[in-house]
Amino acid sequence: MQALWMALGALFFAMMGVCIKLASSSYQTMEIVMYRGLTGIVMFAVMLRMSGLSLATPVPRLHVQRNAAGIAAMSLWFYAIGHLPFATAMTLNNMSSVWIGTILIAGAWWKTRRMAYPWLFVAVVAGFVGVVLLLDPRFEGNAPLPSVLGVCSGMLSAMAYMQVSALGKAGEPELRTVFYFSLGTTLVGLVGTLAFGGFTPLHWQTAWLLPATGIFASLGQLCLTRAYTRGSTLVVATLQYLGLVYASLFSILLFKEHLHPWAWWGMGIIVLSGVAATWLRQHGSGAAAHRTS
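Everything numeric in this text was worked out from a predicted model, so none of it was measured.

### A short note on the overall build of the protein chain
- Each helix and strand in the protein chain was counted, giving 14 helices and zero strands.
- Within the protein chain, counting contacts between residues at least 6 apart in sequence, those at least 24 apart form 89% of the total.
- When the accessible surface of the protein chain is totalled, it reaches about 13,400 Å², and 73% of it is carbon and sulfur.

Below, the structure is given as structure tokens:
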């Protein structure tokens, strides 16, 4: 079931991305962020009421940390989707496994001042080579700022996933986790919208994209949270890359985008390095840590 949750969540996030791509020509990024959160509040408030769960949480600090990383990652990701080829933006955000490996390597080096996980280091380096191929060092076809922000969104997503895992280990229900995330998203989106020019008038031709973004995002968030808190990290992280398959199909069929062959090679390298990094963390890092302790 955990594999099914992640596969379904990846599809929902890809569909959310399509809505964001279409809405980005009519609405600013923080508006889309706010409407995404507002839709989630309504959905999860109803689900919380039906399940009888209280809003009181014993781990408010974990929620604050998860929201800080997650909302920042999501905002940068939404901006990248609006300004980069669809498959490129989705790939950059799905680099969380590579970034988690980077954090693990950096933490081990800080403590021991030596390379504790050499094969994980190789996987991480390969992942960043894939990024270079995907973006092209000359940024041909990709604006530098959205590209950099897309890379940053992947890094912050890794931090957010680590907090989601910590919330699951603390026994926090998934519905409460995603409700507070939606609440934080709405507040940050509202402040950002007011700070960057205010609200755009709604038109029926595009207004439906805003709640649709929130519905798909909330369903995807619920599936992802359930998968990460209940399933095998390796299986979940691997199936997360199904989202890139969906995104590539949408990019070609809906947006008529054609990436350079080097970009496709880059996407493939990122996927393989992400899966390898996850496997090495689960099967190799523990042994390496024991040897260095």
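### Some details on the nonpolar core
- Formed by 63 residues in total, the largest nonpolar core has its most connected members in Met16, Phe78 and Met90.
- By residue number, the principal contributor to this core is helix α1 (residues 2-23), which donates nine residues.
- If sequence neighbours within four positions are ignored, Met90 has contacts with Phe13, Ala14, Trp77, Ile81, Leu244 and Ala247.
- Judged by nonpolar contacts, the second largest core, of eight residues, contains Phe44, Leu48, Tyr180 and Leu222.

### Section: helix α6 (residues 118-135)
- Between its first and last C-alpha, α6 extends 26 Å over 18 residues, near the 26 Å set by a 1.5 Å rise per residue.
- For α6, the set of buried residues is Leu120, Ala123, Val124, Gly127, Gly130, Val131, Leu134 and Leu135. For α6, the angular spread of buried residues about the axis comes to 120 degrees, placing them on one side.

### Here's the deal with the packing of aromatic side chains
- As enumerated under the stated definition, the model contains six aromatic pairs in all.
- Through successive ring pairs, a cluster of aromatic residues spans Phe13, Trp77 and Phe78.

### As for unusual backbone geometry
- You will see that Lys256, though not glycine, has its phi angle at about 55 degrees, which is positive.
- Looking at the element boundaries, Lys256 is found in the loop between α12 (242-253) and α13 (261-283).
- Residue Lys256 is classed as exposed on the basis of its relative accessible area, which comes to 60%.

### Describing the pattern of salt bridges
- Applying the stated rule across the entire model yields two salt bridges.
- Here Lys21 ties to Glu257 by a salt bridge, and the two come within 3.7 Å at their closest N and O atoms. Of this pair, Lys21 sits in helix α1 while Glu257 sits in the loop between α12 and α13; the two residues are 236 residues apart in sequence, bridging distant segments of the chain. The residues Lys21 and Glu257 share a single accessibility class, namely buried.
- Across the pair Glu172 and Arg176 runs a salt bridge whose closest N-O atoms are separated by 3.1 Å. The burial state of Glu172 is the same as that of Arg176; both residues are buried.

### Considering the packing of helix α4 (residues 86-93) against α12
- Two numbers describe how α4 lies on α12: the axes approach to 8 Å, and their chain directions differ by 165 degrees. On the basis of their axis angle, the class for α4 and α12 is roughly antiparallel. Viewed along their axes, α4 and α12 form a crossing whose handedness is right-handed. Contacts between α4 and α12 involve Phe86, Ala87, Met90 and Thr91 on the former and, on the latter, Leu244, Ala247, Ser248, Phe250 and Ser251.
- When the residues that make up the contact of α4 with α12 are grouped by side-chain class, the tally is six nonpolar, three polar and no charged.

### Focus: the side chain of Thr185
- The residue Thr185 is located in helix α8 (residues 174-195) in this model.
- Setting aside its immediate chain neighbours within four residues, Thr185 contacts Val33, Met34, Arg36, Gly37, Ile71 and Met74.

### Focus: a nonpolar patch on the surface
- Taken together, the side chains of Met115, Trp119, Phe121, Val122, Val125 and Val129 present a nonpolar region at the surface, about 580 Å² in accessible area.
- Tracing the chain through its elements places Met115 in the loop between α5 (96-112) and α6.
- Note on Met115: relative accessible area 39%, which makes it partly exposed.

### Remarks on the confidence of the model for the protein chain
- The pLDDT averaged across the protein chain works out to 84; a share of 89% of its residues lies at or above 70.
- The low-confidence segment residues 286-293 (pLDDT under 50) makes six contacts with residues lying over four places distant or belonging to another chain.

### A look at the environment of Leu55
- With respect to the element layout, Leu55 can be found in the loop between α2 (29-51) and α3 (60-83).
- Judged by its relative accessible area of 41%, Leu55 falls in the partly exposed class.
- Filtering out sequence-adjacent residues up to four positions away, Leu55 remains in contact with Leu48, Arg176, Phe179 and Tyr180.

### Digging into empty space enclosed by the protein
- Here the structure, examined in full by the defined rule, presents one cavity of 30 Å³ or more.
- Looking at the largest cavity, its volume works out to about 290 Å³.
- Around the largest cavity, the lining comprises 22 residues; the ones closest to its centre are Phe13, Trp77, Asn93, Tyr161 and Gln221.
- It is α3 that contributes the most residues to the lining of the largest cavity, five residues altogether.

Thresholds applied
Residue positions are given per chain, counting from 1 as you read along its sequence in written order. With pLDDT at 70 or above as the cut-off, local features in this predicted model cover only qualifying residues; side-chain atom pairs require 80 or more to be listed or tallied, and sums for whole chains, interfaces and linings still use all residues. The side-chain quantities take in all heavy atoms of the structure and omit both hydrogens and water. Counting from the N terminus, the helices are the DSSP runs of H or I reaching at least four residues and the strands are the DSSP runs of E reaching at least two. Note on contacts: a residue pair is in contact if any heavy atoms of the two residues lie within 4.5 Å. A 1.4 Å probe and the Shrake-Rupley method give the accessible areas. Residues count as covered only by the protein chains that appear here. Only buried residues count toward a nonpolar core, which is a set of Ala, Val, Leu, Ile, Met, Phe, Trp, Tyr and Cys residues joined through side-chain atoms within 4.5 Å. Relative accessible area decides the class of each residue, using a 1.4 Å probe on protein chains only: under 20% of the type maximum gives buried, over 50% gives exposed, and in between gives partly exposed. To estimate how far a helix should reach, multiply one less than its number of residues by 1.5 Å. Picture the helix axis, draw a direction to every C-beta atom, and the arc is the one those directions span. The aromatic pairing rule takes the rings of Phe, Tyr and Trp, using the six-membered ring of Trp, and pairs them if the centres are within 6.5 Å, calling planes under 30 degrees apart stacked, those over 60 edge-to-face and the rest tilted. A carboxyl oxygen of Asp or Glu within 4 Å of a side-chain nitrogen of Lys or Arg is what we treat as a salt bridge. The axes are straight lines fitted to the C-alpha atoms, using for helices just the contacting stretch, and the angles between their N-to-C directions are given from 0 to 180°. Note that the term roughly parallel is reserved for angles under 35 degrees, roughly antiparallel for angles over 145, roughly perpendicular for angles of 65 to 115, and oblique for everything else. Here a crossing is called left-handed whenever its near helix is offset anticlockwise from the far helix by less than a right angle, and right-handed whenever the offset is clockwise. Ten residues, namely Ala, Val, Leu, Ile, Met, Phe, Trp, Tyr, Cys and Pro, are considered nonpolar, four, namely Asp, Glu, Lys and Arg, are considered charged, and the remaining ones, Gly among them, are considered polar. Grouping into patches uses exposed residues only, defined as over 30% relative accessible area, and leaves out salt-bridged ones; the cut-off is 9 Å for like charges and 5 Å for nonpolar side chains (Val, Leu, Ile, Met, Phe, Trp, Tyr). Each residue carries a pLDDT score, the predictor's own confidence in it, on a scale running from 0 to 100. Residues are said to line a cavity or pocket when one of their atoms sits within 4 Å of a point; the points come from a 1 Å grid over protein atoms alone, cavities being sets where a 1.4 Å probe fits but cannot get out and pockets being open sets with protein on both sides within 12 Å along at least five of seven lines. Grid points are joined across faces, edges and corners, and a volume is the space filled by probe spheres set on the points.

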